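Residue-level structure breakdown
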Amino acid sequence: DVKVTQSSRYLVKRTGEKVFLECVQDMDHENMFWYRQDPGLGLRLIYFSYDVKMKEKGDIPEGYSVSREKKERFSLILESASTNQTSMYLCASSTPSGGTSYEQYFGPGTRLTVT
Amino acid sequence: LAKTTQPISMDSYEGQEVNITCSHNNIATNDYITWYQQFPSQGPRFIIQGYKTKVTNEVASLFIPADRKSSTLSLPRVSLSDTAVYYCLVGDSGAGSYQLTFGKGTKLSVIP
């Protein structure tokens, strides 16, 4: 089974702190994604990466950055956390399959609270 | 990116067939239609994907008319464990891009 793990299930940080969310997948997938999920808004794509050291902005990249130094690991960074970044953060991975398969495998999520 | 519209919520009794329709008027020629299921406190899980006509797997069926401007996810004989949020997505198949846009989803409640 594909496994996507996230470093924490719950995280509480203070406003202004630098926050790192880590995601690791064990299936040698090329693509990795970071989403945030908020009530009434569904899932929104923050950033994605289709190769090591490559990154693309999603729909809501402002206030976030990412790092992908190794194929299996994709990190989401909040440079200076703010209360409006309190959310559930979900990581996912997928294999390109020639661009015709959109099956993504999701991790369990990290519920981040910024106080 | 093609935008999708689906009902916010649906109720169904156990044992009934449930059909959730999604509209995607701006779907592009190369786009695929994908459905995900999400339980509370879990990440979404892939259910089914299709391009045209009908696709069936062990979990669901997906019906796509010829104009591809809508699609219907069909869940046969639902049980309480099918209570979840269901997302319809249309894939952006631009070169080098595998970006998916999740809408707000349909919250399905199965009633005993």
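As shown above, the structure is provided for reference.
Reading the values: rules and limits
Residues numbered from 1 in each chain as written. Chains lettered and ligands numbered in written order. Predicted model: local features only at pLDDT ≥ 70, side-chain atom pairs only at ≥ 80, totals over all residues. Heavy atoms only, no water. Helix = DSSP H or I, 4+ residues; strand = E, 2+ residues; numbered from the N terminus. Buried < 20%, exposed > 50% of the residue type's maximum accessible area, 1.4 Å probe, protein only. Pairing = 2+ DSSP bridges. Axes fitted to C-alpha atoms, helices over the stretch in contact; angles between N-to-C directions. Salt bridge = Lys/Arg side-chain N within 4 Å of Asp/Glu carboxyl O.

What follows is about the environment of Glu56(A). All names here are of chain A. Checked against the element boundaries, Glu 56 lands in strand S6 (residues 56-57). For Glu 56, a relative accessible area of 33% corresponds to the partly exposed category. For the pair Glu 56 and Phe 33, spaced 23 residues apart in sequence, the C-alpha separation works out to 9.6 Å.

To continue, consider the sheet that holds strand S4 (residues 45-50) of chain B. Residues and elements named next belong to chain B. The 5 strands are arranged S1-S9-S8-S3-S4 in an open sheet whose pairing can be described as mixed. Only two strands of the sheet have a single neighbouring strand rather than two, namely strand S1 (9-13) and S4. The mean inter-strand angle of the sheet, taken between neighbouring strand axes irrespective of direction, is 25 degrees. Strand direction decides the pairing type here: strand S8 (residues 84-90) and strand S9 (residues 106-111), joined by 3 bridges, are antiparallel. Note on S9: the bridge partner recorded for Tyr 86 is Thr 106.

All names here are of chain A. A large share of strand S8 (residues 73-78) lies buried, amounting to 5 of its 6 residues. Summarising the sheet, strand S3 (residues 19-25) and S8 pair through 6 bridges and their orientation is antiparallel. Directly across from Leu 21, in S8, lies its bridge partner Leu 76. Bridge analysis of strand S7 (residues 65-70) against S8 gives 4 bridges, and the strand direction is antiparallel. Each bridged residue has a counterpart across the sheet, and for Lys 70 the counterpart in S8 is Arg 73.

Our next topic: the pattern of salt bridges. Residues and elements named next belong to chain A. Scanning the model with the defined rule gives 7 salt bridges over all chains in all. Residue Asp 38 pairs with Arg 36 through a salt bridge whose shortest N-O separation is 2.9 Å. Side by side, Asp 38 and Arg 36 carry an identical accessibility label, which is buried. Overlapping salt bridges, with partners in common, bring together Asp 28, Glu 30 and Lys 71 in one network.

Right, let's get into the pairing of S8(B). Residues and elements named next belong to chain B. The buried count for S8 comes to 6 of 7 residues, which makes it a mostly enclosed element. Here strand S3 (residues 33-38) runs beside S8; their pairing, made up of 6 bridges, is antiparallel. Of the residues in S8, the one forming a bridge with Ile 33 is Val 90.

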